[in-house]
Amino acid sequence: MAVRTPIHRPVGRRDKRETDRDYARKRDPAVLALYASTRWKRARKLFLAQHPLCAECQRQGRVSAANTVDHIIPHRGDTERFWDQDGWQALCASCHSRKTAAEDGGFGNKRR
């Protein structure tokens, strides 16, 4: 029977699950509850059905399936802005990650 070789990880490096867990702990519980609600899950599913392509990829002349509903202007816990569909856009995962990192200060970017 084959044995999996051990994986070398530098000292102090954490796996994705640990970093995701720490990120979730820092988030506002009220915002997490909005994203966990049945209302959001239904609205998200319907919006993606109506907008199946990534808006950012389309602007750049590419065709890519959308899998994320993005708030164009971050809601920062404002429930009125959270539910305003005029402020939503469909994005693929890579475009959403890029946009979020630029806004939230990820990857060495300043927070907007």
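Each α-helix turn comprises 3.6 residues. Residues three or four places apart therefore point the same way. In a regular helix each residue adds 1.5 Å, so 12 residues correspond to 16 Å; helix α6 (residues 93-104) covers 16 Å between its end C-alpha atoms and thus fits that length. Inspection of α6 places C95, K99, A101, A102 and E103 among the buried residues, and these make up the whole buried set.

Let us now look at unusual backbone geometry. Non-glycine residue R76 carries a positive phi angle of around 50°. Mapping R76 onto the fold places it in the loop between β1 (68-71) and α5 (79-83).

In this section: the packing of helix α2 (residues 29-36) against helix α3 (residues 38-50). It is at 5 Å that the axes of α2 and α3 come closest, and there the two elements cross at 55°. By the angle between their directions, the pair α2 and α3 is classed as oblique. For the pair α2 and α3, contact is made by L34, Y35 and A36 and by T38, W40 and K41, respectively. Residue composition of the contact of α2 with α3, grouped by class: 4 nonpolar, 1 polar and 1 charged.

Time to look at the pattern of salt bridges. The tally for this structure, following the rule as stated, stands at 6 salt bridges. A salt bridge links D15 to R17, with the nearest nitrogen and oxygen atoms 3.7 Å apart. Under the relative-accessibility criterion, D15 is labelled partly exposed at 28%. Under the relative-accessibility criterion, R17 is labelled exposed at 59%.

A word on the nonpolar core. Counting residues in each nonpolar core, the largest one holds 11 residues, listed as L34, W40, A43, F47, L48, A66, V69, F82, W83, W88 and A90. Of all the elements, α3 adds the most residues to this core, at 4 residues. Those residues in contact with L48 that sit more than four places away from it in its chain are A66, N67, T68, V69 and A90. Grouped together as the second largest cluster of nonpolar side chains are 6 residues, A55, C57, L91 and C95 included.

About the thresholds
Residues numbered from 1 in each chain as written. Predicted model: local features only at pLDDT ≥ 70, side-chain atom pairs only at ≥ 80, totals over all residues. Heavy atoms only, no water. Helix = DSSP H or I, 4+ residues; strand = E, 2+ residues; numbered from the N terminus. Expected span 1.5 Å × (residues − 1). Buried < 20%, exposed > 50% of the residue type's maximum accessible area, 1.4 Å probe, protein only. Axes fitted to C-alpha atoms, helices over the stretch in contact; angles between N-to-C directions. Parallel < 35°, antiparallel > 145°, perpendicular 65-115°, else oblique. Contact = heavy atoms within 4.5 Å. Nonpolar A, V, L, I, M, F, W, Y, C, P; charged D, E, K, R; others polar. Salt bridge = Lys/Arg side-chain N within 4 Å of Asp/Glu carboxyl O. Core = buried A, V, L, I, M, F, W, Y, C linked by side-chain atoms within 4.5 Å.

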